[in-house]
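# Tertiary structure, described
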Amino acid sequence: MRLQGKVALVTGGGRGIGAAIARRMASEGANVCVVSRTDSELQAQAAWIREHTAAAVAVAVGDVSNPQDVERTVAEAIAHFGHVDILVNCAGISVAHASVDLPFERWKQCLNVNLDGTFLYCQAVGRRMIERGQGGKIINITSLVAHAAIPERAAYAASKGGVKQLTQNLALEWAKYNIQVNSISPGFIMTEIVRDYIARGIHKPEKMVARIPAGRMGEVDDIAGPAVFLASPDSDYITGTTLLVDGGFLANGYV
Ligand code: NAD
């Protein structure tokens, strides 16, 4: 029980990678507030946590790119649990479109959800962690595209590159408050986003796997373990870094 008695707030925690992180943190003893814009996702997630773990769970519906929703959902988590020890920013959307005619609205939406949403939660939760004076852990989910270009992902790459750099800045500013701020860059993880891209022919799984030294796509649990590590005291001397969890994809120069 590496997170016994801690309180975690997980955005995008209703499904996919965020759901796996919320479940694993609850299994490690953390009480969890799960945030998403979709209530049905949240109810299913809360039911799973209640059934499979001894953790307390709260849900909060909100849009991470809306500052009022961010303040309200953080206030709801604190009303429920008193404080937040661990913040995981996992809510995100992906845009695949050639840059030459990428509609500006889609660019803005991607930046709003992925980058603005992460900043807003870091600020709202970080401010309360600083006031409380007990430190904290912030884990931002970025992506491979923050490290290397993938065609037709300009908006997504800009948003996730921004999250990676934001993580470093906050780590620098908040180290003196014993708040560690790190990010995880997942490789290709089998979730709805990726299944949808495969169905639409945007991703070619056999080509992707051929490039991954581990020889397989990632699963959501491949990210949950590293997130627990970054939320636990085992990582107290780690801040401002990005943990690549990609099966070796970026290490592979041999294609
Ligand atoms: P997913 O679509 O399965 O889950 C995304 C979650 O975010 C959902 O719960 C959704 O409701 C929520 N969400 C989306 N927009 C929101 C908004 N405006 N406000 C509140 N909630 C919102 O996606 P996933 O594959 O599990 O991805 C999770 C995170 O991991 C994302 O940030 C994604 O960019 C990142 N990521 C995924 C992969 C991958 O291969 N799946 C790779 C690298 C990074």
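Thresholds, definitions, all that
Residues numbered from 1 in each chain as written. Predicted model: local features only at pLDDT ≥ 70, side-chain atom pairs only at ≥ 80, totals over all residues. Heavy atoms only, no water. UniProt positions renumbered as here; feature names shortened; annotations may be inferred. Near = heavy atom within 4 Å. Polar contact = N/O pair within 3.5 Å; in protein donor to acceptor, adjacent residues only side chain to side chain. Areas by Shrake-Rupley, 256 points an atom, 1.4 Å probe, with all protein chains shown as cover. Helix = DSSP H or I, 4+ residues; strand = E, 2+ residues; numbered from the N terminus. Buried < 20%, exposed > 50% of the residue type's maximum accessible area, 1.4 Å probe, protein only. Pairing = 2+ DSSP bridges. Right-handed = clockwise from strand over helix to strand, strands pointing away. Axes fitted to C-alpha atoms, helices over the stretch in contact; angles between N-to-C directions. Contact = heavy atoms within 4.5 Å. Disulfide = S-S within 2.5 Å. Expected span 1.5 Å × (residues − 1). Bend = angle between axes of the 7 residues up to and from the residue.

Taking an unreviewed UniProt entry as the reference, the protein is identified by name as 2-deoxy-D-gluconate 3-dehydrogenase belonging to Alicyclobacillus hesperidum. According to its UniProt record, the protein has this under Sequence similarities (unreviewed entry): "Belongs to the short-chain dehydrogenases/reductases (SDR) family."

Let's shift gears to the site of the ligand. Taken together, 29 residues are adjacent to the ligand, and Arg-15, Ile-17, Tyr-156, Ile-189 and Thr-191 come closest. Note that an oxygen atom of the ligand is positioned 2.6 Å from one of the side-chain N or O atoms of Tyr-156. Within the side chain of Lys-160, a nitrogen or oxygen atom sits 2.8 Å from an oxygen atom of the ligand. Protein chains bury 96% of the 830 Å² of accessible surface belonging to the ligand in isolation. Among the secondary structure elements, those contributing two or more residues to the shell around the ligand are helix H1 (16-27), helix H5 (154-174) and helix H6 (192-199).

Our next topic: the pairing of strand S1 (residues 7-11). The buried fraction of S1 is high, at five of five residues. Burial of the side chains of S1 extends over both faces: Val-7, Leu-9 and Thr-11 are buried on one face and Ala-8 and Val-10 on the other. The sheet contact formed by S1 and strand S2 (residues 31-36) spans five bridges and is parallel. Across the sheet, residue Val-10 finds its bridge partner in S2, namely Val-34. Chirality of the crossover, the property in question, places the unit of S1, H1 and S2 among those that are right-handed. Here S1 pairs with strand S4 (residues 86-89) via four bridges, running parallel. Among the inter-strand pairings, Thr-11 is bridged to a residue of S4, identified as Asn-89.

This part takes up the sheet that holds strand S6 (residues 179-186). Strand order in this open sheet of seven strands is S3-S2-S1-S4-S5-S6-S7, and the pairing throughout is parallel. The open sheet has two free edges, formed respectively by strand S3 (57-61) and strand S7 (242-245), since each of these has just one partner strand. The average angle at which neighbouring strand axes cross in this sheet is 15°, direction not considered. Packed onto the sheet, helix H4 (residues 104-132) meets S1, S2, S4, strand S5 (136-141) and S6 and runs at close to 175° relative to S4.

Time to look at the pairing of S3. The pairing of S2 with S3 spans five bridges and is classified as parallel. When the bridges of S3 are listed, Val-34 appears paired with Val-59. On the question of chirality, the crossover connecting S2 to the parallel S3 by way of helix H2 (residues 39-52) is right-handed.

Attention now goes to the side chain of Glu-41. Take Glu-41: it is sitting in helix H2. In this structure the side chain of Glu-41 is engaged in a polar contact, spanning 3.0 Å, whose partner is the side chain of Ser-36. Look past the residues within four positions of Glu-41 in its chain and what remains in contact with it is Gly-14, Arg-15 and Ser-36.

Counted under the stated rule, the structure contains zero disulfides. Between Cys-33, a cysteine without a disulfide, and Cys-90, which holds the nearest cysteine sulfur, the sulfur-to-sulfur distance is 14 Å. Looking at Cys-33, the relative accessible area reads 1%, which means it is buried. For Cys-122, which is in no disulfide, the shortest distance to another cysteine sulfur is to Cys-90 and amounts to 13 Å.

Turning our attention to H4. A rise of 1.5 Å per residue sets the reference length of H4, with its 29 residues, at 42 Å; its end C-alpha atoms lie 40 Å apart and thus fit the reference within 8%. Where H4 bends most, the angle comes to about 35°, and this point is Asn-112. Downstream of H4 by a residue or two, Gly-133 has a phi angle that is positive, lying close to 75°.

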